[in-house]
Structure formats: structure tokens, C-alpha cells
Amino acid sequence: MQRFVARSGLLEGGRRRAQSLLRSQQQQKQTRYFAQAAREKEIANDVLPKMPPFNYTPAPYTGPSVDEILAKRRQFLSPSMFYLYKKPVNIVEGRMQYLFDEGGRRYLDGFGGIATVNCGHCHPDVVDAIVSQVKRIQHPTILYLNHAVADFAEALASKMPGNLKVAFFTNSGTEANELAMMMARLYTGCQDMISVRNSYHGNAAGTMGATGQRSWKFSVVQSGIHHVLNPDPYRGPFGSDGEKYAKDVQDIVDFATTGHVAGFISEAIQGVGGIVEAAPGYLPAVYKNVRKAGGLCIADEVQSGFARTGNMWGFEAHGVVPDIVTMAKGIGNGMPLGAVVTTPEIAEVLTRRSYFNTFGGNPVSTAAGLAVLKVIDKDNLRENASTVGAYMKDRLTALKEKYEIIGDVRGRGLMIGVELVSDRQKKTPANAETLHVLDQMKEMGVLIGKGGFYGNVFRITPPLCFTKEDADFLVDVMDYNMSKL
Amino acid sequence: MAFRRQIVRATLQNANGNNFAQLARAGGRCLSSASPSSSAAAADTPPQLPPFDHQPKPYKGPSAEEVLQKRKTFLGPSLFYYYQKPLNIVEGKMQYLFDESGKRYLDAFAGIVTVSAGHCHPEILKAIVEQSELLQHATTIYLHHAIADFAEGLAEKMPGNLKVVYFVNSGSEANELAMMMARLYTGNLEMISLRNAYHGGSSNTIGLTALNTWKYPIPQGEIHHVMNPDPYRGIFGSDAAGYAKDVEDHIAYGTSGRVAGFISETIQGVGGAVELAPGYLKMVYDTVRKAGGVCIADEVQTGFGRTGSHYWGFETQGVIPDIVTMAKGIGNGLPLGAVVTTPEIASVMSQKIQFNTFGGNPVCSAGGLAVLRVLDKEKRQQHCAEVGSHLIGRLGDLKEKYDIIGDVRGRGLMVGIELVTDRKEKTPAKAETAVLFEQLRELGILVGKGGLHGNVFRIKPPMCFSKDDADFLVDALDYSMSKL
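The present account deals with the structure reproduced in this document. (Residues numbered from 1 in each chain as written. Chains lettered and ligands numbered in written order. Predicted model: local features only at pLDDT ≥ 70, side-chain atom pairs only at ≥ 80, totals over all residues. Heavy atoms only, no water.)

### Some thoughts on unusual backbone geometry
Residue and element names in this part refer to chain A.
Thinking step 1. Of note in this structure, Thr-141 is not a glycine but carries a positive phi near 80°.
Thinking step 2. Within the secondary structure, Thr-141 sits in the loop between α6 (124-134) and α7 (147-158).
Thinking step 3. Owing to a relative accessible area of 7%, Thr-141 belongs among the buried residues under this scheme. (Helix = DSSP H or I, 4+ residues; strand = E, 2+ residues; numbered from the N terminus. Buried < 20%, exposed > 50% of the residue type's maximum accessible area, 1.4 Å probe, protein only.)

### What to know about the side chain of Ser-195 of chain A
Thinking step 1. Here Ser-195 of chain A lies in strand β5 (residues 193-196).
Thinking step 2. Among all residues touching Ser-195 of chain A, those that are not within four sequence positions of it are Ala-210, Ile-225, His-226, His-227, Val-228 and Ile-265 of chain A. (Contact = heavy atoms within 4.5 Å.)

### Considering the pattern of salt bridges
Thinking step 1. Evaluated as defined, the whole model comprises 35 salt bridges over all chains.
Thinking step 2. Residue Lys-157 of chain B is joined to Asp-376 of chain B by a salt bridge in which the shortest nitrogen-to-oxygen separation is 2.7 Å. Of this pair, Lys-157 of chain B sits in the loop between α6 (145-156) and β4 (164-168) while Asp-376 of chain B is found in helix α12 (residues 362-377), placing the two residues 219 residues apart along the sequence.
Thinking step 3. Put simply, Glu-418 of chain B and Arg-409 of chain B hold a salt bridge, and the shortest N to O gap is 2.8 Å.
Thinking step 4. For Glu-418 of chain B, a relative accessible area of 3% translates into the label buried.
Thinking step 5. For Arg-409 of chain B, a relative accessible area of 10% puts it in the buried group.
Thinking step 6. Sharing partners across several salt bridges, the network here consists of Arg-235, Asp-408, Arg-410 and Glu-419 of chain A. (Salt bridge = Lys/Arg side-chain N within 4 Å of Asp/Glu carboxyl O.)

### Concerning the interface of chain A and chain B
Thinking step 1. Listed as interface residues are 107 residues of chain A and, on the opposing side, 107 residues of chain B.
Thinking step 2. Interface area for chain A against chain B, summed over the two sides, is near 9,400 Å², with a carbon-plus-sulfur share of 67%.
Thinking step 3. Put simply, chain A and chain B have five salt bridges between them.
Thinking step 4. Across the pair Asp-149 of chain B and Lys-72 of chain A runs a salt bridge whose closest N-O atoms are separated by 2.8 Å.
Thinking step 5. Connecting chain A to chain B are 41 residue pairs in polar contact (both at pLDDT 80 or more).
Thinking step 6. Where the side of chain A that touches chain B is concerned, the elements lending two or more residues are α4 (66-76), β1 (91-95), α5 (112-115), α6, α7, β4 (166-170), α8 (173-188) and α9 (205-210) of chain A.
Thinking step 7. For the side of chain A that touches chain B, the residue count by class is 62 nonpolar, 28 polar and 17 charged. (Buried area = accessible area lost by both parts, 1.4 Å probe. Polar contact = N/O pair within 3.5 Å; in protein donor to acceptor, adjacent residues only side chain to side chain. Nonpolar A, V, L, I, M, F, W, Y, C, P; charged D, E, K, R; others polar.)

### Points about the sheet that holds β5 of chain A
Residue and element names in this part refer to chain A.
Thinking step 1. Spatially, β4-β12-β11-β10-β7-β5-β6 is the arrangement adopted by the seven strands of the open sheet, whose pairing is mixed. At either end of the open sheet lies a strand with only one pairing partner, and these are β4 and β6 (225-228). Averaged over all pairs of adjacent strands, the angle between their axes in this sheet comes to 20°, without regard to strand direction.
Thinking step 2. Sheet topology places β4 next to strand β12 (residues 338-342); five bridges connect them, and they run antiparallel. Of the residues in β12, the one forming a bridge with Ala-167 is Val-341.
Thinking step 3. Relative to the sheet, helix α10 (residues 242-256) contacts β5 and β6, its axis offset from that of β6 by approximately 150°. (Pairing = 2+ DSSP bridges. Axes fitted to C-alpha atoms, helices over the stretch in contact; angles between N-to-C directions.)

Dropping the structure here:
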């Protein structure tokens, strides 16, 4: 390790050899290596990493204090409402990839309001769209015409492959998945729905059934749901062999259903489950089996959608085209909005009765949605997510070489997970350390998320305007705090 | 059918053979300060919109036809709309809406009972815009004062021990949560809801909803739909006891004797502004609680002072529920919903993680709190009582004049007018309702439609609706009905 090398005179010769090796590589890479080395040296010498500069002053905050807010939360809000950190952060303002607390202190937002703020907090184009629309009309309902919802639906359809071009607007991911599940059941006339263990799809009755993690499931009647083996390359029994996991789906179809199913729903990369990307080859095999059984394939893009993985949609990396796509979170940069996109044939099932969503498709939310699509193109967010994401993943992988506690680094684009284990063989979850490092990172100005069934995975899903410098800062802060463990 | 076609043709032409629609437009566009005529004579000239000092912005966006075409292509065949020639609404201000040509309409439906304070109400706009420029979304994993302040504001409006608030994004989400709470808290599964109710369109709420047009054939499990205490169409008239007995019977014969809960609206919205027979909820709440169940009040449409006499619909029945759900008017159009309950019931939810990503976000919370403040400051509840009773009074007079009006009902600014072709049989006058609906639009009034047979006008405007607006509405109805 370089830290050891720098200190020890005995290995002086080895260091010179390494340096000349580096010099023979590309100039940029060299620079980066040196910068990295310099940072490592700083960390070794207890010099704190510095947040990239940002030319912005938050407004002075004169609202209630942390204690007042906590007291009201305890008194008036759900007792199960939790917050991160020993000392919770009072976030009062946001700008692009940064958040500000009541004291005006800036934080790097490595979590994006849970993979939601894709364009950046208060992105001017999105705020403009919202403010100009809200001043004109907030809510007429779709009983009357208004161009905003139509324009947004058209733009969304243009981002979809195949015949996916009919959109339904809801107010959340839960509502979107509920609608998708109902449509699949109506379209096929079957009730059995297959979802993946460790998944998360929502908190209403149907979606809570589809969700595959007990911490998120109350004792509801789940009729017709089957949870299949998770194609988890890190913890799954078949490693990265997607087709082997797909056999479990066929098994369920053959032995647990009539042989015909309503459908299959999955996330391309599990979010709440700890950034677990489906093993390669899994989705194509499963889609084939499910379609043979007459079922529809639903892609839950609530977290992986809208450029986060470097592609517009998470399912693109798996070479499949779903029958129904659900989305929320990033769709409106934080506006309460969700959508279901499907084919005209499948959409037709809802004509059998009346389906109506009062707030769904309102002009303000859809104006925001359209603005988001434009920003994704204008700000080149797919490219940025891909490049910065790959860079950050590389640096984190290097960190994995350095610290035994990092069991796995995974993900795609700016949807990255770092799993901490106290034993690499047994993969024993290192919860306490995860919580501790999370907390310490916040103290140093970096906010990231936590997930995974065992709560031992860092979830890094920042606004997609995240830069290489931001990535460096995040990784350095993680490095620094792990070195102190 | 031919008879019905005759009616349609007759109404679209006056005695001189001129196009009724043209006449109506000519009258509607004239914004003179002449006060609307009384109901003494159904005038030959159509009544006029009360004056309003607001110029809509010139509209340069897609036309109605373009929008309709895009909707048909990209929003699916199941998306329906009002009117033969759908209206392109591009702007709103208080109780008025404007179409692409700048024509003004009286909004008597408030985006389905949703725009409570008024379209683009300045104080609410200010709160929304200010917050949108500061922080739209971070989630409750961090602190923020807006959600806490709003929860406090809401809890202050609640009686009894109703003081724990959950924020969601819609009425469906709120009712889903309430139903889950009821089942978890009691350990029972059976839920009871009223026939003709509407509670949502998601997995569980679609089961509670009891109108076949809104129910898809999916499993609903363990739901009992009891007799609707409908004073107009119900078999016991306004005698609540008969209806309440039906609940007892369902429990005694259709369940294990123990239930999860009972949910109802106090004035059914989608069902056609049907107000529950007086005294009903007191009896039923008692029965349900004896069977171990909790009582849920769906205030999605009746809440926030709309009924005039009380802030919450359930107060009109003299009861205190265990769980209250709300949406629609809560945010004047913001996608927002809430569930308020007692600490005891809330505690069962803390066994697992229950999280709503968008729920309680700073913008919706700031908007919601502004709505509470505005409705108080502008004394909207009292206003609903005054204007509502004036409106209902005048509609009562109209009922004397026209046989087709079977029933006028409601309270405050939540009013229903049921049209029938035969007052004894109460045969729904579907065709006539459809015709009048279109005519009102021609005259510049947008009302809502409801009831299982689509023969009820729903009058539920933004709560800034004035006496003049009420007079205009009744005059226009008078005028249109005289031409039938």
C-alpha cells in the first residue's frame, strides 16, 4: 500500500519503480493517479478532503430550529417515521447537487432525495416550468383539455422502445405499480403475479404484496403473489449466471400456478434492496418464460429510470423490451408524479370500466416532467451519469482493494452500491460500521443513503449533474472515515 | 330513443330556428355589470356571468383539436373527458376558468371538489413558488419544518385524540393506508363500506368503492357493502335506524362477529352528493365499535369547511371517527393526501417501516399550510354556509317550477340536483342531464355530474363562490330547463 510505502525507507526502491511505471501511461491517467496518491497521502496524514467549490450562497434561515422540528415530528407525525443520523440534519435549501442546512452549511447530496432529484435541486429550467404553470393553472383535472399532459405524454412515448406509447399518470411509484399490476391481471384474466425477493414496489395493498422484503411488509392479504429467487450476483447461489436463476421462475409457473400467469415485475437494479443489479442473462430468460405463460413483463423503473444508469431506462442494459413500464421518483425532479407506460393493446383493458386519478396528469406536475426530459437531453445527463458513474465505481473498486470491510462495489451509472461486510467469505453484514461511516461522512459534508436487507449497503444515487470532483470528494471522505474504523 | 332525440333537437333550436348555442355565446361573452335576473321569469335572453376583473394571458399553445389528438394517441382510449366538444382550459383565477380563446367560465365543480380556496389563489401561490425556489424535495429522512408545521396545523383542526398525521399523495393512498391500519390494529379483516361510495381505484380501495362503473373485476376480499342510507332513493327514506340495522345484520350473519372497520363519506361525492340520513353514523359507529372495528371518515370531498355548518363532514353527524382521510381540497390542487388518527392506532404501524417518498414534501406541505390559513382568514366555512343556503334555497324554488328536478340536496357548497323523468318512479333523466350539462357549458357554467346513472348535477365550486355566482348558476339552469 502506498501509505506504507511512503513511510518506509526499505521500500524506497519499489516506490521509484512504481512511479516510472505510472509515467509510461496516458498523461490524464497519470495526473489522476498522482492526484489520487496525493489525496491518499493527505488522508494518511489526517488532512481532511475538501468539497469542490460552488458559487452559491443560500438564503438566511429564520425558521424553526432542529429541536422544535423534532418535537413537532414526535407529537404530530407517525411514530414509525425515522430519520438518518444520530444528529438529524435540518435541510432547508438545495441547489443542483448540493444541500444546505439551517446554518448555511453545504453538503454534497450523494443520495438525491432517494434517487429522485435527477436534474439537480431547484434546477432553474424545472423551477421555471413549475412556477409559470402554477401561476396559470394548477388543477383543472383531465376532464377538460390542457396541453401540458398531452405534450408530456408524447415526449415520454418518444423515449420508449417498441410499441410502448400510452401513458397513465399517477402521483407516486406505489400508484403506478398498483395500476400496472391491475392492468396485467385484467389483460390476462389471471391473478398470479411473480416478483423478485429483495424487491421494493410500494406500500399499498397490492404493491406491498409484490414487495419482497419483510421489513417493508405488514401483515396484509397478498393473494396471488409469488416471490422468486433473487438473481443477486453477490449473495445469490448462482453468482452471475442469470439463466440459472430464471429457472426458478419457470418452476413457480409450472408448480405454483395454473401454468398461466398475470405477469412478472422487477427492478432492473433493486434500489431499496441495496443496488442489486439483476445477473446478466436473467431478464431475457425470464421474459421469455413469462410470455410463454401468457404473462406480461413489468419493468419497475422508479429508481433506475430517467438517465440514472447512463441509459434512459435500466432495462435497456439487459436487452429486453417490457410490456409495461412504471416510473416515479426522478420523473419530476421531486414533484409528486408517477407514470405507467404500456402498449395500446394493454391500455385498452381499462376501457372496460372507469379509471380516474384526480391529481394525475395535472398541468404543474406534467410541465415539470416535460422540463425534466428536456434537461436530461440539454444537460447531457445520460452521458454524465455514465462517465462520472464509471469513474466513481472505479475509485470505489480501488477502495475495495484497500479495505477488507468492503465486500462488494456494484451498480451502473449513478446508481452505485457499496456493501460492507465484517467477513469477506461469510459476507457477514457490517451494520454497525455502515451506520457509523454514514454518520461520519455526514459530519464531513457528504450525504449518502443506506439500504439492503441487512442495512449494510451504501446507496449512492446523487443528482445526475454530479461531477468527477464531487465523486472524488465523496470517495475521499469515505476513504478517510474507513481509515479511522 | 326517438323521444330523447327530439328533446335534444328541440333544445338546440329556439322558436326562431336560430342556433341556441350561438345565442348563448353572444350572451355569455357580454361582461356588463347588469345583475342577473330573478327567477320570476325565465327570460328570453340568457343570464350573464357576474363581472370579474381579471384578464387572462393570451394563449399561444396547442389548440383543442391538437391536444385531443395527442390525448387519443398517447393517453389511451380509457381516458374520458367532459362535453361533446371538449373544453381546452388554459388558465384559472379564483372561481373562474378560461379557455384558449379567453372565454371565461364559472367553475362550479372546482376540479372535482379540489380547488378549495380558488384557482391560483395569490397567498397559496406565494407559498408554493417560494418553497419551490428553495427546496422541492429531500424526503423525511432529513428534517424540514414545513411538514411539521403543516401536521400541527391539521391536528389543531381535529377533535378528540386525532392527532397523528401521515402524509401521502392522493385520496386513494390515504384510504389504502387507513384500511391497512384498521386491519392491523384490530387483527380482523372484514371491512364495511356503503353502497354508492367511492374511496379510490387501487387494490384495496377499489374493493371499498361500491359503484360498478368504477370497479374492475379483481379480487376484493372481505368487504361488505351495506345498504346506503340515502334519504331520496333509500327504502327507509330518512329513517337512519333501518339502514343501521343492515350493518348489524352484515356483521351478525356475514362475518365472524368481529370486523376491522367501517368507512364512509358523509356526503357521497361520486355517488351524487348523497347526504347520509341524519343520525346514521352515531348508530353505526356504535355497532362497529362493539364488534371491535374502527370507524374511518373519508373527508376527501367534504373536509375543510365545505359543508358550511362544520369544518369536517363527520361533525354534521355528531361523531368522532378513529381515522380521518383527506385529499382533494387539502392542497387547493397540489397532489396531497393525509390520514389523521390516534396515537394508539398509529402505534401498530411502527412495527414495520412505512415510508412515502413524496409524502410531506416541503412544497406540498407549505401549500397545504397556506390553504389552512387562507380558509380560516377568509372565513370560507361561514361563507359556504351563507352562499350554500342561498343556493339551495333558490334551487328549492326551481324544483317547484320544474318536475324534472327530483331532489335538491346537500349542505354548504356541496350540492346535488337529481333529475328524473318521473317524480314517483324517480326514473333517472340521463339524456336530459346530458343535454342540460352541455347547455350550461354554452352559457359559461361548468358543473359536475355524478350518481350511478349520471343524472345528478354536482355543484361544488371553489369556496370563494359568491351569491352572484349562485344566482347566475340558478338563472342559467332556469333558462336552460325552460327550453327543454
